[in-house]
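Close look at the chain arrangement
Each chain is listed here by its residues.
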Amino acid sequence: MNIHYTLPQQSEAKRLSVVLMKQLNISNSMIKKLKAESLVMVNGEARYMNAVVSPGDEITVRLPDEAPPEYPVEKGNLTVLYEDELFIAVDKPAGILVHPSRSRFSGTLTNFVSGYLDGMAVHVVTRLDRDTRGVTLFAKNSYARALMGQIEMEKIYSGITCGEMKQRSGEIDLPIARVDPASMYRVVREDGQNAVTEYKVVKSLWFLGEKLNVVQFRLRTGRTHQIRVHCQAMGWPLLGDPMYCSPETQVLNEELGLAEQELTAKKLTFNHPVTGEKVDILSNYC
């Protein structure tokens, strides 16, 4: 896979190695490998790392081949929301796992994305619970995955809560902990990890005697089940959630035939780590 970068016209001439480190965030160890295998070109010609590149020069880096995936490569229905040389974002349906595990090695979103990319190993950037739908971002190589670990991503979710929300907007700052090592269930507990969720009520309505609210959430931390745990702790759990529920939502879930939480990863925003351009990815489920 190749990375293309053009030195901006307003910049100064620089050594090629400096551009690779500063603009493309390529590590010293990777630069040594690129140098040894002559994998960097400037305007179509191989160049030494101490060569000076000028504004307008196009730099092409051929990333070393990665090992094939250890999981099955499968074809599946995918809705691609965004794709470039380094990343691909798809719209995850509810009820499908994001990546393989010891209990489920096939039939996951990762298997299908790898199949779409003709057997390329992919790296999960944003994880969603099995029954949460929406924007899921993958990196096409370990270099791209490492880049995303250095930048901020804004994650906006949309959900339906059940219960009276006294404040139309606010912040939930409650630590979250696993009940025990063998359980996936999380609770709010003083010894838990810091977890902060911002929320804003978009609209409210009454249904079967219960107050339902369409709520927009913004994650400031990324704990497992964070929105679901916080909503339950505040007394307004998500509709459809069989794990973090209340007696009221259990009745509604049964009446409506809901077996999965009403929660969508609505929007993902970040500045592209190579081009610097703002990337907005919006789910089709909203």
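What comes next is a walk through the structure. Please read all numbers here as calculations on a predicted model, not as lab measurements. (Residues numbered from 1 in each chain as written. Predicted model: local features only at pLDDT ≥ 70, side-chain atom pairs only at ≥ 80, totals over all residues. Heavy atoms only, no water.)

**Observations concerning the overall build of the chain**
Operational definition: Comment: elements are numbered from the N terminus, with helices defined as DSSP H or I runs of at least four residues and strands as E runs of at least two. Relative accessibility under 20% of the residue-type maximum defines a buried residue, over 50% an exposed one, and the middle range a partly exposed one, all with a 1.4 Å probe and only protein chains included. Whether two residues are in contact is decided by their heavy atoms: any pair within 4.5 Å suffices. In short, Shrake-Rupley with a 1.4 Å probe defines the accessible areas, and a residue's cover is counted only from the protein chains shown. Here the positive residues are Lys and Arg and the negative ones are Asp and Glu; neither His nor the chain ends is included. Where a charge lies is defined by one atom per residue type: Lys uses NZ, Arg uses CZ, Asp uses CG and Glu uses CD.
Looking only at helices and strands, one finds 6 helices and 18 strands in the chain. With the C-alpha coordinates aligned to their principal axes, the bounding extent of the chain is approximately 70 × 40 × 35 Å. Across the 286 residues in the chain, those meeting the buried criterion constitute 44%. Across the chain, every contact between residues at least 6 apart in sequence was considered, and the portion connecting residues at least 24 apart equals 65%. In the form shown here, the chain has an accessible surface area of approximately 15000 Å², with 47% of it arising from carbon and sulfur atoms. Put simply, the chain has 33 plus and 34 minus side-chain charges, and the middle of one group is 4 Å from the middle of the other.

**Regarding the state of the cysteines**
Two cysteines, two sulfur atoms, one covalent bond between them: this is a disulfide. Short version of the rule: Here, the term disulfide refers to a pair of cysteine sulfur atoms separated by no more than 2.5 Å.
One pass over the full model with this rule turns up 0 disulfides. As a non-bridged cysteine, C231 has C162 as the owner of its nearest cysteine sulfur, 11 Å distant. Take C245: it sits in no disulfide, and the sulfur closest to it among the cysteines is that of C162, at 11 Å.

**Here's the deal with the nonpolar core**
What counts, and what does not: Within this scheme, the nonpolar core is defined by two criteria: the residues are buried Ala, Val, Leu, Ile, Met, Phe, Trp, Tyr or Cys, and they are joined through side-chain atoms within 4.5 Å.
In this structure, L20, I59, V61, L137 and Y143 are the most contacted members of the largest nonpolar core, which totals 34 residues. Here this core gets 4 residues from one element, more than from any other, and that element is helix α4 (residues 142-148). Setting aside chain neighbours within four positions, we find L137 in contact with F87, I88, A89, H123, V124, V125, T126, M148, L268, F270 and I281. Judged by nonpolar contacts, the second largest core, of 28 residues, contains V90, I96, V113 and V201.

**Regarding the environment of W236**
With respect to the secondary-structure elements, W236 resides in the loop between α5 (226-234) and α6 (247-256). A sequence separation of 73 residues divides W236 from G163, and the C-alpha atoms of the two residues are 4.5 Å apart. Look past the residues within four positions of W236 in its chain and what remains in contact with it is T161, C162, G163, E164, M165, I172, Y199 and C231.

**Digging into unusual backbone geometry**
Non-glycine residue D118 carries a positive phi angle of around 60 degrees. Following the sequence through the fold, D118 ends up in the loop between α3 (109-116) and β9 (123-124). In this structure, H225 takes a positive phi of about 60 degrees despite not being glycine. Looking at the secondary structure, you find H225 in the loop between β16 (210-219) and α5.

**Some points on the pairing of strand β18 (residues 278-282)**
So the rule is basically this: Any two strands with at least two DSSP bridges between them are considered paired.
Going residue by residue along β18, you find V279 and I281 tucked away on one face and K278, D280 and L282 left uncovered on the opposite face. Both strand β17 (residues 263-271) and β18 contribute to a ladder of 5 bridges, which runs antiparallel. Residue pairing in the sheet places L268 in a bridge with I281 of β18. From the end of β17 to the start of β18, which pair antiparallel, there are 6 residues, and G276 there has a positive phi angle of about 80 degrees.

**A look at the pattern of salt bridges**
As a reminder of what qualifies: Think of a salt bridge as a Lys or Arg side-chain nitrogen and an Asp or Glu carboxyl oxygen that are within 4 Å of each other.
Tallied over the entire structure, the rule returns 12 salt bridges. A salt bridge links D131 to R130; its shortest N-O distance comes to 3.2 Å. Exposure remark for R130: the relative accessible area of 47% places this residue in the partly exposed category. Here E198 ties to R218 by a salt bridge, and the two come within 3.2 Å at their closest N and O atoms. Note that E198 is positioned in strand β15 (residues 196-207) and R218 in strand β16, a separation of 20 residues in sequence.

**Brief notes about the packing of aromatic side chains**
Each pair of aromatic rings is reported with the distance of its centres and the angle of its planes. Just so we agree on the cut-off: Classification of ring pairs rests on two measures: the distance between centres of Phe, Tyr or Trp rings, Trp counted by its six-membered ring, which must be within 6.5 Å, and the angle between planes, read as stacked under 30 degrees, edge-to-face over 60 and tilted in between.
Tallied over the full model, the rule gives 3 aromatic pairs. For the ring pair F87 and F270, a centre distance of 6.3 Å and an interplane angle of 65 degrees mean the geometry is edge-to-face. In this pair, F87 sits in strand β8 (residues 87-92) while F270 sits in strand β17, placing the two residues 183 residues apart along the sequence. Judged by its relative accessible area of 2%, F270 falls in the buried class. A centroid spacing of 4.8 Å and a plane angle of 15 degrees characterise the contact between Y185 and Y244, whose relative ring orientation is stacked. Remark: Y244 occurs in the loop between α5 and α6 and Y185 occurs in the loop between β13 (176-178) and β14 (186-188); sequence separation between them is 59 residues. Looking at Y244, the relative accessible area reads 0%, which means it is buried.

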